[in-house]
Amino acid sequence: MFKKTWFADFNLLLVALIWGSTFVIVQKAIAFLEPYSFNSVRFSIAAVTLLLIIFLFNRSSLRHFTDKRIWISGIILGFWLFLGYGFQTVGLLYTTSSKAGFITGLSVVLVPLFSYLLLRNKLNWQVGLSSLLALLGLYLLTIHNSLSFNIGDGFVLLCAISFALHIVFTGKFAVSYNAICLTVIQLLTVATFSFITALMIEDWQQMFKINLVLQPEVISALLITSFFATALAFLAQTHFQSFTTPARVALIFSMEPVFAALTAYIMLDERLGSKSLLGCGLILLGMILSEIRFKNFIKRKQKEWDLT
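Here the residue index of a chain counts from 1 through its sequence in written order. Since the coordinates come from a predicted model, pLDDT governs what is reported: local features require at least 70, and pairs of side-chain atoms require 80 or more to be given and counted, while whole-chain, interface and lining totals use all residues. Water and hydrogen atoms were dropped before computing side-chain values, which therefore reflect all heavy atoms in the structure.

J.: Give me the environment of Phe79: which residues, what numbers.
T.: Under the scheme used here, helices are H or I runs from DSSP no shorter than 4 residues and strands are E runs no shorter than 2 residues, and both carry numbers assigned from the N terminus. The topology assignment puts Phe79 in helix H4 (residues 68-91). If we skip the residues at most four places from it in the chain, Phe79 touches Thr189 and Phe193. Contact between two residues is taken to exist if any of their heavy atoms lie within 4.5 Å; hydrogens are not considered.

J.: Talk me through the packing of helix H3 (residues 35-57) against H4; I want residue IDs and the actual numbers.
T.: What counts as an axis is a line fitted to C-alpha atoms, over the stretch in contact for a helix, and the angles between N-to-C directions run from 0 to 180 degrees. Interaxial distance between H3 and H4 falls to 11 Å at its minimum, and their mutual angle equals 155 degrees. Comparing their axes, H4 and H3 come out roughly antiparallel. Note that H3 runs across H4; the crossing there is right-handed. Contact residues: H3 offers Pro35, Tyr36, Asn39, Arg42 and Phe43, while H4 offers Leu81, Phe82, Tyr85, Gly86, Thr89 and Val90. Each residue is assigned to one of three groups, with Ala, Val, Leu, Ile, Met, Phe, Trp, Tyr, Cys and Pro labelled nonpolar, Asp, Glu, Lys and Arg labelled charged, and all others, Gly among them, labelled polar. When its residues are assigned to classes, the contact of H3 with H4 shows seven nonpolar, three polar and one charged. Note on terminology: angles under 35 degrees are roughly parallel, angles over 145 are roughly antiparallel, angles of 65 to 115 are roughly perpendicular, and the others are oblique. What makes a crossing left-handed is the near helix being turned counterclockwise from the far one by less than a right angle; a clockwise turn instead makes it right-handed.

J.: Outline the nonpolar core, supporting the account with residue identities and numerical values.
T.: Core analysis: the biggest nonpolar cluster contains 70 residues, and Trp19, Phe43, Leu81, Leu187, Phe234 and Phe253 have the highest contact counts within it. Take this core: its biggest share by element is ten residues, from helix H8 (residues 151-173). Beyond its immediate chain neighbours, meaning those up to four positions away, Phe253 contacts Leu12, Val15, Ala16, Trp19, Ile167 and Gln237. Throughout, nonpolar core names a set of buried Ala, Val, Leu, Ile, Met, Phe, Trp, Tyr and Cys residues whose side chains join them through atoms within 4.5 Å. Buried residues are those whose accessible area, probed at 1.4 Å on protein chains only, stays under 20% of the maximum for their type, while exposed residues exceed 50% and partly exposed ones sit between those limits. Counting residues in each nonpolar core, the second largest holds eight residues, with Ile25, Val26, Phe38 and Ala221 among its members.

J.: Account for a nonpolar patch on the surface, naming residues and giving values.
T.: Patches here: salt-bridge-free residues with over 30% relative accessible area, like charges joined within 9 Å, nonpolar side chains (Val, Leu, Ile, Met, Phe, Trp, Tyr) joined within 5 Å. The protein chains shown are the only cover counted for residues, whose accessible areas, like all others here, come from Shrake-Rupley with a 1.4 Å probe. Salt-bridge detection follows one rule: a side-chain nitrogen of Lys or Arg within 4 Å of a carboxyl oxygen of Asp or Glu. Among the surface-exposed residues, Ile45, Leu214, Ile219, Leu223, Ile224, Phe227, Phe228 and Leu232 lie close enough to one another that they form a single nonpolar patch of about 640 Å² accessible area. With six residues, helix H11 (residues 216-240) is the largest single contributor of residues to the nonpolar patch. Its location among the elements puts Ile45 in helix H3.

Written as C-alpha cells, this is what we have:
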C-alpha cells in the first residue's frame, strides 16, 4: 500500500507541474479569447478526447454512464471545479495575481478541515504542520506588499473554498466510481457552465471567429491545456486520489505556484527574489514532511530496541 501511495503522490506532483507550467500559456491565449469562452472550448475538447479514448480502447466502461449516481457525483465535482475557476477569474479583476495566488493556496489548510467536517477524516499533526509550512511558503512566494483585503480577495477566497471542496469530494467519489467516466462527466459539467456564463457576460461569438481561434497563442494553449492540463491531469487526479488522502493532495498541489514561478523564470526570464526562493523551499519542505512515515520509523526503532 505504501508503494501505491507514493506512486499516486508522484503522479499528482506531475499534475501540479503541468498546471503550473501552463499559466504563461493561458495568459497569452485569453488576450484573444475571453476566459469563460476559452474554458468552454478547453473543457469540451478534453471531455470529447476522453470519450474517444473510451470508444476506441475501453467500450466496456460505457455501461457506467447508465448509473445515475456517477452522474450526480460527476456534476458535483464539475460544479465545484467551475466555481473555483469562475471565482478566481472574477477576483483577478479586482486584486493582484500575487494575492490571488496566495489566497487560492489557502485550500492547503482548508482541505484537512473540510475532510474532517464532511468525511470524518482524522486531523493529523504531521499534515497540519506540513500545511502551515506550505502556507508560509505560499505567503513568501506570492505576497510582496500589503495584505489588505478587498472584494476581489473575497472572490478568490470563495475560489479557494471551491477548489478545496473539489479535492475533498474527489477523495470521496474516486474510490467508488470508474475514474475516466467520472472525469468525463465533471469536464462536461465545467464546459456547460462555462458556456452558459460566456453567453451571459462575454462576447461568446468570438468562439466561432476563425481569425481569433486560429491565433497561434490560442491554438497552442487549447492543445496543451485541453489534452494535458485538463483531460490527462483531471483523469490522473480522479484515479490516483483513490490511493491517498485529500489533505496530502492539497499539499502536493501547493507546488503548483512553485512550478509556475519556475516556468516564468525559464520562459519570461522573471527573477525570483530571496523571499520567493525561501517560500519555494518551505513549500517543498512541507510536502516532503508529509511523505515521511514517522509512525513506521518509530515502530521499527522500537523493534530494534526490543531485540537488543
